[in-house]
Amino acid sequence: METNASWKCRGTLQRAHVGARRLRAHVGARRLRATCPLCRGTLQRAPTGRARTWNLKLKNMNKKKLTLNGELEQLEQKLTALIHRRITLLGKIAGKRSEKNKSIVDSGLEKKLWSLWKIHFKGENQRAYRQLFTILNSLSYARAEKKKFSEKPFCLYPTKNPLNVHIQGPGDIFQARICTFLAALADRSININNFPINDSLIELIKALNQYGAKLTWKEKIFSSNPATLSSVNKSIFVGQDAFNFYLLLCLSLGEAGVTRFTCASNLKILNLKPIQDILPQLGARLSSTFPQSFSLPARLEASGQIPGQITLPESIDPDFVPALCLAACTYRDPLKINLAPMSRTYKFRQTQKLMQSWKIKTVQSDQTLTIYPGRPEPSENFQLQLDPLLGGYLLALPVFAGGKVTLLGNWPEESPLATAVYNLLTQAGLKLMTSATHITSTPGHKPEECLIDISDYPELAPLALPLLLSSKRPATLFMPTSTEQAEFALDLLKFLNLDFKVYPARLEISFHGKVHQKDPWHSPDVYYTLAYALISFIYRGICLANPGSVTAIWPDFWKIFQNLPDPQNQPLATNAGEQNDQPARRRIIVSGD
């Protein structure tokens, strides 16, 4: 039976399919529901009879067409929903495996899923699709790992009393990792106090011990003893930090043999292609365990024959440069590195300074750095400097609560980042006094204009934002607004229901006293978690969904915050443990008087 009625298509019609006119559908009920083969939408009409098979003429199919942009947006909505569903499903599977004390990765399932991808994308660039496949899987595994340490959101009620803080300041995290690596290579025992033990450092210590190092820690004291290191025929777990992986990779280059590297799920999205391209110049080859992939896990084949000179391209990860410089002192011959301008980062300069203080011979020119073989040797009573970024959040506290904050330790005045933090705090109206042993922060003169300029250091946005809000009046933040840090700042302002205007080089914020927000905020970044803690002085009772994230880099922070105004009168020992402990995740309920 055939009907000439016009059918209304509720999906998207594609221009290329307009010529198709007929649809054959099988019907088992009075009301006909069928799927349009052209747009995958739904066709509906109440038929006049009960015939089992209908031949339907499709008319007027081209009346309402979406633009290409509109069609893409519609497809994007469906795609994101499917991606979210896939991540959730695979995450549940991984979580159930974890509950049974199995690996969260089901290699058999991954092979089955990838075989489907290969069939569907046959003839395409399968390397690119393999990377996408790996990224999607890693997101699922990361979700499963987080659920192991699930935490309830909590609300922040900081102290209302003036501060009297006099504590040891946080040690520089990046310096600590460099010193951990150099201590493993030293030929004498080393002890370093006020060591900022955190997840990344624990992972590096354990990985170096797999090489044969003798590294331990207890509370905040790091210790090392002389040892001979080797990675030949070993499988090294590098954890979740890219810089740790680069250190261990470069260390393995100086010895002929095969080394395998595995990692946590977060690091599986690291693109190894630029590293794979540069390693042949260093007499080595790195190949991913998974075919047509540029990700970890991977297998390193090293000849141990390092050339005297190498040129690093601009495409290389800037963190790889200091890692290669540090490991070069273990090679048989001097290594001359031709540096790209983008390689001269803050971390690179800090690495150079520490190498010199540990008596590693280097010669630098305008465009090159030569590293000579030799055992590192620290100066007597070596101490880490204060971390300027973490310390900045404690030094900012008097803006919100008054009183005084004194951090014991050496403030790195020669550091460009420390100078930027210092200037930022003074722009906010704080008075800072430094000496060789401490730095003190007290409220100073409030500036007439409420503006802060971090154009050269947009990574300081998490610290600058609460300082601006503390003025409780309209404020301007000068920074490039196209950066990821600016995007996070805008998300936080939206969550707080604050009005703002965005310009290419600045952000204008309007202040109002009440925040009508009962839902907890999920911080996208550790430093925005610290920023949110400062903002709680302004909007008491705001809630945070993921407070435990900050303990990955600074286990003491919530204990300090909880015991304000005088945390020095409370025990601040961490649960970081000793050598064989797992990286600790903690949840501390934060409240105040």
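Just so it is clear, the structure is predicted and the values come from calculations on it, not from any experiment. (Residues numbered from 1 in each chain as written. Predicted model: local features only at pLDDT ≥ 70, side-chain atom pairs only at ≥ 80, totals over all residues. Heavy atoms only, no water.)

A. Representation of empty space enclosed by the protein within the structure. Counted by the stated rule, this structure contains three cavities of 30 Å³ or more. Considering only enclosed or pocket space, the largest cavity measures out at about 100 Å³ in volume. Residue lining of the largest cavity: 13 residues in total, with A428, P447, C450, L467 and S471 positioned closest to the centre. Elements supplying a minimum of two residues to the lining of the largest cavity: strand 22 (451–453) and helix 13 (461–469). For the lining of the largest cavity, the per-class residue count stands at seven nonpolar, three polar and three charged. Lining the second largest cavity, in full, are E110, R130, F133, T134, N137, S138, Y141, K268 and F290. Take the lining of the second largest cavity: its biggest share by element is six residues, from helix 3 (residues 126–148). The class makeup of the residues in the lining of the second largest cavity is three nonpolar, three polar and three charged. (1 Å grid on protein atoms, 1.4 Å probe; cavity = no way out; pocket = protein on both sides within 12 Å on 5 of 7 lines; lining within 4 Å. Points joined across faces, edges and corners; volume = space filled by probe spheres on them. Helix = DSSP H or I, 4+ residues; strand = E, 2+ residues; numbered from the N terminus. Nonpolar A, V, L, I, M, F, W, Y, C, P; charged D, E, K, R; others polar.)

B. Inspection of a nonpolar patch on the surface at higher detail. Taken together, the side chains of I135, L139 and I269 define a hydrophobic patch exposed on the protein surface, amounting to about 240 Å² of accessible area. Counting through the fold element by element, I135 comes out in helix 3. (Patch = residues over 30% accessible without salt bridge, like charges linked within 9 Å, V, L, I, M, F, W, Y side chains within 5 Å. Areas by Shrake-Rupley, 256 points an atom, 1.4 Å probe, with all protein chains shown as cover. Salt bridge = Lys/Arg side-chain N within 4 Å of Asp/Glu carboxyl O.)

C. Structural view of the layout of surface pockets. Its boundaries defined by the atoms lining it, the second largest pocket holds a volume of some 400 Å³. Along its surface, the second largest pocket is lined by 13 residues, and L82, I83, R86, W117 and L136 are the ones closest to its centre. Those elements that place two or more of their residues in the lining of the second largest pocket are helix 1 (68–99), helix 2 (107–120) and helix 3. Ranked by the residues each element gives to the lining of the second largest pocket, the list is headed by helix 1, at eight residues. Grouping the amino acids of the lining of the second largest pocket by side-chain chemistry returns 11 nonpolar, no polar and two charged.

D. Representation of the environment of N191 in the model. With respect to the helices, strands and loops of the structure, N191 is situated in strand 8 (residues 190–192). Leaving out residues up to four positions away in the same chain, N191 has contacts with F222 and S223. (Contact = heavy atoms within 4.5 Å.)

E. Local environment of the packing of helix 5 (residues 199–211) against helix 6 (residues 242–252). Across the interface, helix 5 lies against helix 6 with an axial gap of 10 Å and an inter-helix angle of 20 degrees. With respect to each other, helix 5 and helix 6 are oriented roughly parallel. The crossing of helix 5 and helix 6 is right-handed. The segment helix 5 lies against helix 6, with S200, E203, L204, A207, L208 and Y211 engaging N244, L247, L248, L251 and S252. Of the residues contributing to the contact of helix 5 with helix 6, the split by class is seven nonpolar, three polar and one charged. (Axes fitted to C-alpha atoms, helices over the stretch in contact; angles between N-to-C directions. Parallel < 35°, antiparallel > 145°, perpendicular 65-115°, else oblique. Left-handed = near helix turned anticlockwise from the far one by under 90°.)

F. Fine view of unusual backbone geometry. In this model, L296 is joined to P297 through a cis peptide bond whose omega is 0 degrees. Inspection of the secondary structure assignment puts P297 in the loop between strand 13 (284–288) and strand 14 (298–302). Of the consecutive residues L564 and P565, the connecting peptide bond is found in the cis state with omega at 15 degrees. Within the element layout of this structure, P565 appears in the segment after helix 16 (557–562). One non-glycine residue, N194, adopts positive backbone phi at about 50 degrees. Residue placement: N194 occurs in the loop between strand 8 and helix 5. Residue N497 is not a glycine yet carries a positive backbone phi of 60 degrees. As for its placement among the helices and strands, N497 is situated in the loop between helix 14 (484–495) and strand 24 (499–503).

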